[in-house]
Structure formats: C-alpha cells, structure tokens
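Structural description and commentary
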Amino acid sequence: MENKRDQYNEEMHRLGRLFTWIALGLILMVPVCYCLTAGVMPLWSKLPECLMFILGYLAIGLVEALSYAPLLGTGGQYLTFITGNISNLKLPCALNSQAIAKVEDGSEEKEIVTTISIAVCSIVTTLVIVLGLIPLAIFQEKIVNALLPISPYVVPAIFGGLTCVLASRYLKIAAVPFVLCILICVIGNFAGMGAVFNQGTMILVGMAVSGVTTTLLYRKGKL
Amino acid sequence: MDMSVIKETVRNSAIFSIVPSIPIVIGIGIMMQYLGLGISWIRLEVIGALQYEIIAMNQVVTPGQVITYVTVATALVIMTLSILSGPVFNAIFYKRYQHRLAELQQKNEHLMNTLTGALLGGLFSGILSAMLVAGIFTIGTPVVAKDTGVATYGEVTLITFFASCLIMVGCGLCMKKFGWKWMESYALPITIVGALVAAYFAVACFE
C-alpha cells in the first residue's frame, strides 16, 4: 500500500514539476510576446517604484506555497498554483469536498478527493469564464455594473457557511487564534492601520498565531 | 476507494465552483478595459488570483489614465514578476518539502494532523477576523475602492456573513430533521447564493 502511494506521489511530482515549468515558461512568454508584437519595451524605470510591491507579493506567494501544502496534498498543490484563485475558490472547494466525503487528515482518500475537487473546480471555472465572456463582450458595461456592487461580498458568503461546516471539527484549535486575530485587527484599526490588516496579511498572521498556540496546547497535552 | 465518493466529489465540486467563479468573470470585465480581453483572461484564469491581479495592475495603470502599449507591457511585467514565487517553489523545493511532511506524518501522525488543523484554523481565523473587524469598523462609512469605484458597506459584509451562517445552519437542521442526505452536496452552493441575494438587497438598502 505504502509503495503504491510512494509511486503515486513520485508520478505526481514528476508531472507537477513538468507542467509547472511549462506553465511558468508560457506565463513568462506573455509579456515577451506582447512586447515583440506591439514593438514596445516596458517602462523599466517603473520597476524600482514597484519593487516593494513585487517583493511583498513574492513573499505572500512563498508563504502560501509552504502553508497550503498540507491542506492541498501533492496533486492539489501543483494544480492550484498553476490555475490560481486559491483562497477565494480552490481551497474552499477542496475543503467542502473533504467535509462532505468525511475523509481523514493525511489519508489517501483526502489526497484523491482534494485533487479531483481542484481539477473539477478549474474546469468549471474555465467553462463559467467562457460562457460569461460571451455576454460580457456584448453587454460588458451593463453586466459589470449589475454584478459589481455584490462582488465584495462573495468571500463572506463563502466563509460564513464554510465556517459552520468546519467549526465543530477545529473549534478547539481555532478558538484562541481567532480571538487573538480579532484583537490584533481591532488594535490595528484603532491605530488607523485597517488597510494593512487586510485578509492577505491576516491569513499569514492567523497561521503564525495558530502555529504558536497549537504547539503550546499540543505540548501541554490538551490536543 | 469507493467510486461513488469520487462521483460525489466531482458533482459537489462542479456545483460549488459556479457561483464563486462569477466574480472572476467580473474581474476580467474590469481588467479588460485597461489590458484587453486576452491578457485579463490569461491572468485571471491561469496562475493569477482575483484579489491580487487588479491590485498588481493598478501599480501601473490607474483609472482614467490613457493606456498605451508601453503601459500594458509594464503592467504585464510587474504582474508576471509578482506571481512567480509560488510556482517556482513548487517546481524546485516542493518535492523535498512534501517528503519532510510525509516523514512527519509517518513518525507522528497526531502531530501532523494537529499541524494541518492549526494551518486551517489560522487560515479561517485570519480571514474571518479581517472580514468581521473591517465590517464593524466601516459601519456607516463605506470604503470605496480606488480601482473599481465599488463601495463596500460594513453592514452588508456582516449581513452577508451572518446570512451565510444562518442558511448553512438551516440546511444542517433540514438534513438532520428530514434526513435529506441529498442536501449535503448542495448546502454550500445554496448558502452562497442565498447570502449573495441577501447582499444584493442589503446593498440596495444602503445605497
């Protein structure tokens, strides 16, 4: 059984690495091709201005890759980082499927369910985009104007329900980090730095806080 | 593994993915005004994420600005460089990292499962705290996004979140009381659509 799983993992790594390199090559070719066909060069002087922004995003990407790995599994990790939209789409979709299938952490079933879930999610998103682009190309302004006002509320709509699904399973682990994160956010907002303590920052803060509090609880034998 | 679980996973994931994909289409609609359809499509369907791409684009492109080929080329370079770290990590280091995780799983399964729970707990704590506190602090003073001009009302964020919780609890009660096993697959999609309908009416009230 273990041997079979090792084989599966090896194959996933081989294919995952191959397709990640291909995806990276293609993505890097987009600006190159654009510059060649348009006959222009980017404004290189803008790069130093955006350096801090680029470094910040690179750091977020790295932390996401490290921290989402145990949640996404081998196949899921490669697939999500190629297809994007992780925290707002692929991860909630995988978590929902894991909860419905009632798979155990670290099991083969979890790996399979997660990978299939993310693959299906990617295909459906592609179809929705293709179908959405046809009316969007014709009625761009009307559609954007109609749906734009509710677009900031998609994340609360997803995470309200998902929290209820997962609350009972992870309440013991998540209770302390949740309270601490709320405190950090409240202090940040009172200090006039609400924009800094956005979801991107707080996911990283939350994971760090949760790592520390869970380690303490684990050492005390309370988990 | 039971084939029915796989089939159910395919169905659940397909149903779940429809509604959260719609904002991505809207994101393409916003970005295509500046970068054109092709580039926006590539960035939001492959590798990019809705919440990051528009911000990355706005490092170079601002609403009302005259868009030239040079502007688009510069925005593309910034957006491409910003997104590279995750996939590069996966291509070079992930295999070794995953082996370490697997070793830990073998040596101490309970610890590994606790760590996975901690990451998930941290993820939810981070997202929920940022969302709820921002919602509370912006009650009565909506935040207008510079790039899209869309106002986010704190009240509506909280209404949407609690509507989502209530609908999910309602679905759970229906499953328990009436034995509606079929609802398991549809509970979260129903919740998302229901909460967004509540958001739609709430926005209309506050505008």
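Residues numbered from 1 in each chain as written. Chains lettered and ligands numbered in written order. Predicted model: local features only at pLDDT ≥ 70, side-chain atom pairs only at ≥ 80, totals over all residues.

Observations regarding the nonpolar core
Ranked by size, the top nonpolar core spans 121 residues in total, and within it B:M57, B:A75, B:I78, B:I127, B:M131 and B:A199 carry the most contacts. Counting residues per element, this core draws most heavily on helix 6 (residues 154-190) of chain A, which supplies 15 residues. Ignoring anything within four residues of it in the chain, the contact list for B:A199 reads A:I150, A:Y153, A:A157, B:V156, B:I159 and B:T160. (Core = buried A, V, L, I, M, F, W, Y, C linked by C-beta atoms within 7 Å. Buried ≥ 20, exposed ≤ 12 C-beta atoms within 10 Å, placed from the backbone. Helix = DSSP H or I, 4+ residues; strand = E, 2+ residues; numbered from the N terminus. Contact = placed C-beta atoms within 7 Å.)

Brief notes about the domain arrangement of chain B
All names here are of chain B. Split by domain assignment, chain B resolves into domain 1 (18-83) and domain 2 (138-207). On the domain 2 side, the residues contacting the 6 residues of domain 1 number 5 residues. Counting residues per element, the side of domain 1 that touches domain 2 draws most heavily on helix 1 (residues 3-35), which supplies 3 residues. For the side of domain 1 that touches domain 2, the class distribution of residues is 5 nonpolar, 1 polar and no charged. (Domains from an automatic or database assignment. Nonpolar A, V, L, I, M, F, W, Y, C, P; charged D, E, K, R; others polar.)

Structural notes on the interface of chain B and chain A
In this assembly, 109 residues from chain B lie in contact with 112 residues from chain A. It is helix 7 (residues 109-137) of chain B that contributes the most residues to the side of chain B that touches chain A, 25 residues altogether. Across the side of chain B that touches chain A, the residue classes break down as 71 nonpolar, 33 polar and 5 charged.

As for the domain arrangement of chain A
All names here are of chain A. Per the domain assignment, the segments making up chain A are domain 1 (1-42) and domain 2 (43-219). Relative to domain 2, the C-alpha centre of domain 1 lies at a distance of 22 Å. Contacts between the two partners involve 9 residues from domain 1 and, on the opposite side, 7 residues from domain 2. Grouping the constituent residues of the side of domain 1 that touches domain 2 by class yields 4 nonpolar, 4 polar and 1 charged.

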